[in-house]
Amino acid sequence: MNMCGKGDAPVEEQEQASQAKPQDQGERDESQEAARPRHAVPKPGSVPWDEDPETAMSLMLSRHAVRSFTDEPIDQQTREALQREVRRGNEAGRLHMCLAWDEPEAFDSRLAHYGNFSGVHNYLVIAGPADKGLEARAGYFGERVVLLAQQLGLNSCWVAMSYKRRLVRASLPKGDRLVIVVALGHGTTEGKMHPCKSVPQVSKPAINVPAWFTRGVEAALLAPTAMNQQGFWITLTGRRDLQSRDIVQIQPGGGPCAKIDAGIARLHFELGAGEKNFAWQDNLL
Ligand SMILES: Cc1cc2nc3c(=O)[nH]c(=O)nc-3n(C[C@H](O)[C@H](O)[C@H](O)COP(=O)(O)O)c2cc1C
């Protein structure tokens, strides 16, 4: 069992711990192994899809919520790649995310069972010092880890309920607010595409918009949202910044997870639209 540690540098501590601990390779199911798409593990310091819109789009298209996981362990190389992205997200987003490996307790409850979760042994904890933008940053940087997990052949599900909050909270540094967790692992299925609102239902204006704006909104509609509400609202404001870039605004809808959802959708919009094509009205950081 490897829970998130207390202290200021939980990720680094975890990296050292996971490097020191030999992984249980177990018996692998060859047929399952062959059926799974495997991707090259990204080099340290790079998440290649930042500059590669096609890969980003294919990851957003192939990611679906998966709540049931096999016993197949997550290999060491994959763990380290995810740890690096967590560390990057923590630095860039003023967060205290950490990865819990081989920890079945948090999802070992009737609540998790009723929520259709099974076999959850690994999860991302997203927490940080409580401030105004914490939830949006949690969504944005958490989804980067989720998309990287997808690229590395793992499945995932964001989870606001259905886990032992008190147990996870006990592992956090004092003063941190627990925002949410994401279950990670080798899914028993790849999940399926969620029902989607239309572009005009979540954005304006509806006509005479540049192609990159439509692509961004379409990518945002692929984002996971709590209860698939897709409550965010994206506006091409008609204004430009000093570099003549169009200014785009994203606003959360209602509900307890709305700001997290908007943070996730914000990342998807950027990946779909291309960051060079526009500027956000509000800073995330
Ligand atoms: C912020 C957030 C909270 C979520 N909380 C839960 C949850 O508590 N339980 C659950 O089963 N799914 C949860 N989900 C998963 C959503 O139900 C799922 O993402 C949504 O139905 C869209 O499906 P997709 O992820 O396959 O695209 C959550 C998703 C998000 C983004």
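Above this note sits the structure.
Remember, it's a predicted structure, so these values are computed and weren't measured experimentally. (Residues numbered from 1 in each chain as written. Predicted model: local features only at pLDDT ≥ 70, side-chain atom pairs only at ≥ 80, totals over all residues.)

### Overview of the overall build of the protein
Rules: The way it works is that DSSP assigns letters per residue, a run of H or I at least four long becomes a helix, a run of E at least two long becomes a strand, and they are numbered from the N terminus. Counting other C-beta atoms within 10 Å of each residue's C-beta, where C-beta atoms are placed from the backbone, gives the exposure class: buried for 20 or more, exposed for 12 or fewer, partly exposed between. We call two residues in contact when the distance between their C-beta atoms, placed using the backbone, is within 7 Å.
Per the secondary structure count, the protein includes 10 helices and 8 strands. Residue burial in the protein is summarised as follows: out of 285 residues, 44% are buried. Put simply, of all contacts in the protein between residues at least 6 apart along the chain, 76% involve residues at least 24 apart.

### Focus on the site of the ligand
Applied cut-off: Only the C-beta atom, placed from the backbone, is used; a residue is near a molecule or strand if that atom lies within 6 Å of it. Residues are sorted three ways: Asp, Glu, Lys and Arg are charged, Ala, Val, Leu, Ile, Met, Phe, Trp, Tyr, Cys and Pro are nonpolar, and all the rest, Gly among them, are polar. The split of the chain into domains comes from an automatic or database domain assignment.
In the region of the ligand, 22 residues are neighbours, and His64, Ala65, Trp158, Pro224 and Asn228 sit closest. Classifying every residue of the shell around the ligand gives 13 nonpolar, 7 polar and 2 charged. There are two domains that each give the shell around the ligand at least three residues, and those are domain 1 (10-185) and domain 2 (199-280).

### Here we look at the pairing of strand β2 (residues 122-129)
How we decide: The criterion for strand pairing is that DSSP finds at least two bridges linking the strands in question.
Across the 8 residues of β2, 7 count as buried, placing the element largely inside the fold. Here 3 bridges tie strand β1 (residues 98-100) to β2, and the two strands are oriented antiparallel to one another. Across the sheet, the residue bridging to Leu99 is Leu124, located in β2. As paired strands, β2 and strand β4 (residues 176-185) are joined by 8 bridges and run antiparallel to one another. If you follow Ala127 over to β4, its bridge partner there is Leu178.

### Some thoughts on the sheet that holds strand β5 (residues 203-204)
Condition: Axis angles are defined between N-to-C directions and span 0 to 180 degrees, where every axis is a line fitted to C-alpha atoms and, for a helix, only to the segment in contact.
Pairing within the open sheet is mixed, and its 4 strands lie in the order β5-β6-β7-β8. Each edge of the open sheet carries a strand with a single partner, namely β5 and β8 (278-280). Note: β5 against strand β6 (residues 233-240), 2 bridges, orientation parallel. Across the sheet, Lys204 pairs through a bridge with Thr235, a residue of β6. Running over the sheet, helix α10 (residues 258-273) touches β6, β7 (246-251) and β8 and is turned about 150° from β7.

### What about the nonpolar core?
The condition is simple: Think of a nonpolar core as buried Ala, Val, Leu, Ile, Met, Phe, Trp, Tyr and Cys residues chained together by C-beta atoms that fall within 7 Å.
In this structure, Tyr123, Leu124, Val125, Ile126, Val181, Val182 and Ala220 are the most contacted members of the largest nonpolar core, which totals 74 residues. Counting contributing residues, this core receives three or more from each of domain 1 (10-185) and domain 2 (199-280). Apart from the residues within four sequence positions on either side, Ala220 is in contact with Val202, Phe232, Ile234, Ala265, His268, Phe269 and Gly272.

### Regarding the sheet that holds β2
As summarised here, the arrangement of the 4 strands in space is β1-β2-β4-β3, forming an open sheet in which the pairing is antiparallel. Edge strands, defined here as strands with exactly one partner in the open sheet, are β1 and β3 (155-159). Averaged over all adjacent pairs, the angle separating strand axes in this sheet is 25°, with direction ignored. One ladder, built from 5 bridges, connects β3 with β4; its direction is antiparallel. Among the inter-strand pairings, Val159 is bridged to a residue of β4, identified as Val181. Docked against the sheet, helix α6 (residues 134-151) engages β2, β3 and β4, running at close to 15° with respect to β4.

### A closer look at the environment of Gln229
Positionally, Gln229 belongs in the loop between α9 (211-220) and β6. Judged by the 14 C-beta atoms lying within 10 Å of it, Gln229 falls in the partly exposed class. As for Gln229 and Gly253, which are separated by 24 residues in sequence, their C-alpha atoms are 8.7 Å apart. Each residue touching Gln229, except ones within four places of it in the same chain, is listed here: Gly253, Gly255 and Asp261.

### Notes on helix α3 (residues 53-62)
Counting along an α-helix, one turn takes 3.6 residues, and residues three or four places apart therefore face a common direction. So the rule is basically this: Working definition: the arc comes from the directions between the helix axis and the C-beta atoms, pointing outward to the latter.
Those residues of α3 that fall on the buried side of the exposure criterion are Ala56, Leu59 and Met60. Seen end-on, α3 carries its buried residues on one side only, within an arc spanning 95°. For α3, the exposed residues lying more than 90 degrees away from the buried face are Glu54 and Leu61. On its buried face, α3 sits against α6, α9 and α10.

### Remarks on the pairing of β3
Most of β3 is tucked away, with 5 of its 5 residues classed as buried. Both faces of β3 are covered, namely the face carrying Asn155, Cys157 and Val159 and the face carrying Ser156 and Trp158.

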